[in-house]
Amino acid sequence: MSISRAKSLESLYEECKPFDLVLVPDAPLASALNRRLDRPHFGPFAITPRRLAARRREQAEDRLAFLAVIEQTELDWKEASYVVGNILQCWEYQGTVDAILEYEAFRTDATRTAVDCISKLDTTSRRLTAYTIEDEKAVAVVGIDQLTELEQSILPAEYDTIDPFTDESFDHPPFRVLDSPAAIVETVVDTATPANADKIGVVLDASSEYSSLVESALEAAEIPYYGGPGFTDDPQHRAFVQLLRCGHAGRDTRVGDVNDLFTRLGMPVAIEHAEKCVTDVDTEATNWLLEFSHSLESQTFETAIDAFERVTGTHLEAFRNELVTLGIADDPVTESAVDRLEFYLQTYEVPMDRENEGVLLADAQSAGHVDRPVVFYLGLDEGWTHSSPSRPWVDSDQAFERNIRGFQRLLQNGVDQYYLVQDTAGGSPVTPCLYFEELFDTDFERFSDLDAVHYGRSDRSMQEGFEKEPIHADTRTVDAISQSSLSTYVNCPREYFYSRLLDNPNKDYFVEGNLFHDFAEYYVAHPEHIDSADLGEVASVILEEVDPFLRGVERDIRRTKYRIGLETIVEFLEEHPPQGEAFVTADGGWGRNFFAEYYDRPAETPHTELWFENSELRIKGKIDLVFDRTRLLDYKSGSKKSAHSVVKHSAIDPPSDTPNFQALLYLAHQRSTQPGETLQFTFFHFLETLDEAVTGDSNLDQCLTTITYHPVPYEKHISSQEVFEELQDEAAKKCQKTFSQVSYDAYHRVFEANEFPATRDSGVLIDSAFAESVTDRMKDEVGDYKYVEQGCKQALRYLLRIRTQNYFSDDLDAFEEFVADRLEELNHCRSGGERFPVAGLAGEPNYRYVDHRDCILEGETR
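Residues numbered from 1 in each chain as written. Predicted model: local features only at pLDDT ≥ 70, side-chain atom pairs only at ≥ 80, totals over all residues. Heavy atoms only, no water.

(A) Geometry of the confidence of the model for the protein chain. Considering every residue of the protein chain, the mean pLDDT works out to 87; 94% of them sit at 70 or more. This model gives residues 460–473 a pLDDT under 50, and the stretch forms 20 contacts once residues within four places in sequence are excluded. In this model, residues 582–589 is a region of pLDDT below 50 whose contacts with residues beyond four sequence positions or in other chains number 17 contacts. (pLDDT = per-residue confidence, 0-100. Contact = heavy atoms within 4.5 Å.)

(B) Representation of the sheet that holds strand S20 (residues 704–710). Pairing in this open sheet of 6 strands is mixed, and the strands run S16-S17-S18-S19-S20-S21 from one edge to the other. Each having just a single partner strand, strand S16 (608–614) and strand S21 (806–808) make up the two edges of the open sheet. The mean angle between the axes of side-by-side strands here comes to 35 degrees, regardless of whether they run parallel or antiparallel. Direction of pairing for S20 relative to S21: parallel, over a ladder of 3 bridges. Residue pairing across strands places Thr 708 opposite Asn 806, the latter belonging to S21. This element, helix H21 (residues 508–525), spans S16, strand S17 (619–628) and strand S18 (631–636) of the sheet and lies at about 105 degrees to S16. (Pairing = 2+ DSSP bridges. Helix = DSSP H or I, 4+ residues; strand = E, 2+ residues; numbered from the N terminus. Axes fitted to C-alpha atoms, helices over the stretch in contact; angles between N-to-C directions.)

(C) Region of the structure containing helix H29 (residues 721–729). All buried positions along H29 are accounted for by Val 723, Phe 724, Glu 726, Leu 727 and Gln 728. Residues of H29 that are buried in the fold lie against helix H28 (714–718), helix H30 (733–739), helix H31 (744–753) and helix H34 (786–805). (Buried < 20%, exposed > 50% of the residue type's maximum accessible area, 1.4 Å probe, protein only.)

(D) Looking closely at the packing of H29 against H34. Running from amino to carboxyl end, H29 crosses H34 at an angle of 130 degrees, the nearest separation of the two axes being 11 Å. By the angle class used here, H29 and H34 are oblique. Along this stretch, H29 crosses H34, giving a crossing that reads as right-handed. Residues Val 723, Glu 726 and Leu 727 of H29 form the contact with H34, whose own contacting residues are Ala 795, Tyr 798, Leu 799 and Ile 802. In terms of residue class, the contact of H29 with H34 is built from 6 nonpolar, no polar and 1 charged. (Parallel < 35°, antiparallel > 145°, perpendicular 65-115°, else oblique. Left-handed = near helix turned anticlockwise from the far one by under 90°. Nonpolar A, V, L, I, M, F, W, Y, C, P; charged D, E, K, R; others polar.)

(E) View of the pairing of strand S11 (residues 374–378). Counting buried positions over the 5 residues of S11 gives 5, a clear majority of the element. Of the two faces of S11, the one holding Val 374, Phe 376 and Leu 378 and the one holding Val 375 and Tyr 377 are both buried throughout. In the sheet, strand S8 (residues 200–204) pairs with S11 via 4 bridges, with the strands oriented parallel. Residue pairing in the sheet places Gly 201 in a bridge with Val 375 of S11. Note that the unit made of S11, helix H17 (residues 396–410) and strand S12 (residues 416–422) has a crossover that is right-handed. (Right-handed = clockwise from strand over helix to strand, strands pointing away.)

(F) How the structure looks around the side chain of Arg 558. In this structure, Arg 558 sits in helix H23 (residues 555–575). By relative accessible area, which is 11% here, Arg 558 ends up buried. For Arg 558, the contacting residues outside a window of four places in its chain are Asp 508, Glu 512, Leu 543, Val 546 and Leu 550.

(G) Representation of unusual backbone geometry. In this structure, Pro 654 follows Asp 653 across a cis peptide bond, with omega equal to -5 degrees. On the secondary structure map, Pro 654 appears in the loop between helix H25 (643–648) and helix H26 (662–673). Phi angles above zero are rare outside glycine, and Glu 609 is one such case at about 50 degrees. By the secondary structure assignment, Glu 609 is in strand S16.

What follows is the structure, given as structure tokens:
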């Protein structure tokens with residue numbers, strides 16, 4: 001099967017011309033035929049059945065019937081909407097208003113009540129039921145299969161039918177595959193101008209992202225359009241409903257959830273407050289909203305809309321009139337009343353007066369004809385597929401046939417058609433509209449499997465496009481990078497770019513973490529000033545600072561958490577006070593200290609919160625605590641990571657999907673100041689024993705993860721006398737038994753004769769030639785016993801654990817080179833050499849660690 005060619009309007013008009021009256025399935029087609037009349041004609045010529053019977057423009061009778069039912073009956077709004085929809089639909093398909101009562105499942109008291117009410121209304125369906133065309137008229141019907149039973153009921157005994165299709169197939173234009181929805185919309189707007197806007201039509205799924213994108217783009221370009229946003233899409237209408245909803249939301253509403261409302265009220269709140277509860281932020285906007293909310297129960301919809309208009313300086317006359325129409329203008333603004341209003345606005349399209357000029361935006365689900373010379377079709381995906389009503393009075397096969405014929409007509413509107421589509425979204429193929437499966441005699445999964453042309457960014461210019469204003473961006477090179485920025489860049493370079501460009505809201509865990517760090521620094525400076533009684537006060541102070549981010553039920557739990565965390569920090573620092581006089585390689589302290597200001601005492605020490613910037617290695621960071629010249633510590637409020645996990649996620653070839661280079665980067669800096677030394681970096685997870693502390697069974701060792709740097713290559717380290725003695729004393733039992741019977745010289749000769757495999761997989765290591773050599777040597781030295789073979793396997797696993805839980809000189813050498821390569825790439829992008837790519841070194845980003853997901857287009861890899 002292929003797409004049937006639709007007749008041109010000119011040829012269709014020539015077939016219709018001899019008739020007195022021509023019935024067509026949709027109003028735009030009627031208007032197009034009427035514009036081609038070349039002779040005087042008395043009365044209607046081309047017209048839809050509904051308009052002919054009603055003698056007026058077609059109205060959304062589902063809304064009118066709903067309004068009548070809720071006014072004249074006691075039915076609940078949702079129940080009324082349900083039965084009204086069923087009654088009107090059944091009437092359309094069966095021809096009479098009470099036809100629904102023939103179906104037992106729908107023969108309810110609510111349905112009977114609504115039928116009695118609707119049957120008395122002056123609806124278009126009622127006029128259609130009573131109307132019949134005079135027999136003396138010459139009548140033709142275009143596309144009779146597109147008319148419902150009710151519409152066909154007005155036909156006279158004699159009439160002619162005109163097929164809107166020819167016997168030929170339509171040679172459709174290619175699918176033009178673009179990068180993203182933004183690129184598709186840009187193509188449309190690049191073509192449109194105020195001068196040619198009335199010659200362009202755009203067909204799209206009104207519920208898709210294309211709708212808002214194209215409306216915004218046309219507005220920005222000052223190009224007129226119509227047929228787009230409806231009553232509920234008006235920004236002021238949406239804001240007013242959101243205001244009513246927020247008034248009942250309670251104290252735990254976040255600023256970020258309502259900041260678009262604050263912006264509409266003309267009182268935006270800084271992004272740093274986005275995660276805080278509205279009740280805990282002291283701004284003009286939050287104070288106004290709280291005052292409005294406290295008085296809401298005593299207000300009516302009328303007085304609420306007055307308050308909204310005063311603060312915004314707008315006039316919502318259309319909304320006010322709709323409240324009167326609904327009969328709720330003087331009702332109290334209760335939560336249930338707001339629920340009903342919101343349901344109504346989501347269910348029914350409120351009529352609006354529109355300017356019928358400019359680019360025509362048509363909904364693919366309802367449009368049948370677009371009488372414009374140039375027509376763009378956006379998306380053409382599964383959202384274009386009609387869902388046939390699942391009701392016993394609907395013949396699904398007939399409905400499908402009606403829909404697919406309408407779809408074929410729709411695809412051929414205009415002189416020039418442009419099918420603009422995406423091939424993938426979010427890494428998955430975009431499924432073409434399901435009707436194409438019936439129309440194309442070929443297998444396909446995506447648009448590129450069909451007749452498609454791909455367009456890149458440089459190919460999308462039908463005209464000049466948007467006028468671009470020059471911007472002055474800072475293109476200075478990055479001289480040094482922190483561990484967090486490096487991790488972000490490796491996961492997703494585009495996220496790194498946006499993290500430098502955009503502000504982010506404060507988070508509760510950031511505030512908590514900073515306060516714990518400040519306390520730890522203050523305690524190192526003044527241990528004598530803090531005793532166990534003071535820790536309760538400190539916990540309350542932290543809670544007060546974090547309180548704006550918390551929901552009511554969290555407060556007592558957090559206070560306990562903070563107290564235990566503080567006690568753990570104090571216990572650790574009492575047992576492990578930092579050593580030495582000073583740490584001279586850092587550049588100094590790091591900013592203000594909350595508790596130094598709270599207690600009005602200085603908190604600077606030579607051991608805490610020390611900033612460094614290593615110009616040679618081009619790395620920078622802040623060290624939480626320096627024990628001595630070879631040991632560093634970092635406080636962590638999150639869950640504990642093992643040494644194996646830390647080393648694993650600092651891998652560079654290939655990188656982890658959750659990269660974290662903190663320990664590796666800080667040890668690289670420390671090595672540069674203490675060359676040739678064995679160094680240690682410890683993560684202190686001071687909340688790790690929270691559960692155990694409550695029961696009095698905590699142990700500080702459970703909180704610590706230490707990574708050791710050995711200033712030699714890995715293979716040299718494991719071939720050393722030190723590691724050999726560990727195999728004799730600390731490894732598994734059979735390993736100890738085996739290696740206690742051999743000399744270090746025999747052990748060392750294995751490494752001289754064989755290269756240790758470059759693997760972190762124990763299975764690969766045990767199956768290697770090196771493993772075979774070790775086993776043979778130990779059997780020669782000890783004897784061919786089974787425990788010797790098992791002991792050698794245990795030894796190999798022990799050696800591998802050393803690699804996966806520590807760093808060595810070759811690791812840090814490779815990392816320093818890795819940093820230099822990443823900075824070269826990063827600065828190349830900053831200078832305009834190319835865009836920051838989306839994909840990181842490990843491929844597709846781990847989006848759990850991407851904060852600016854909405855700024856990164858789906859499916860874009862560059």
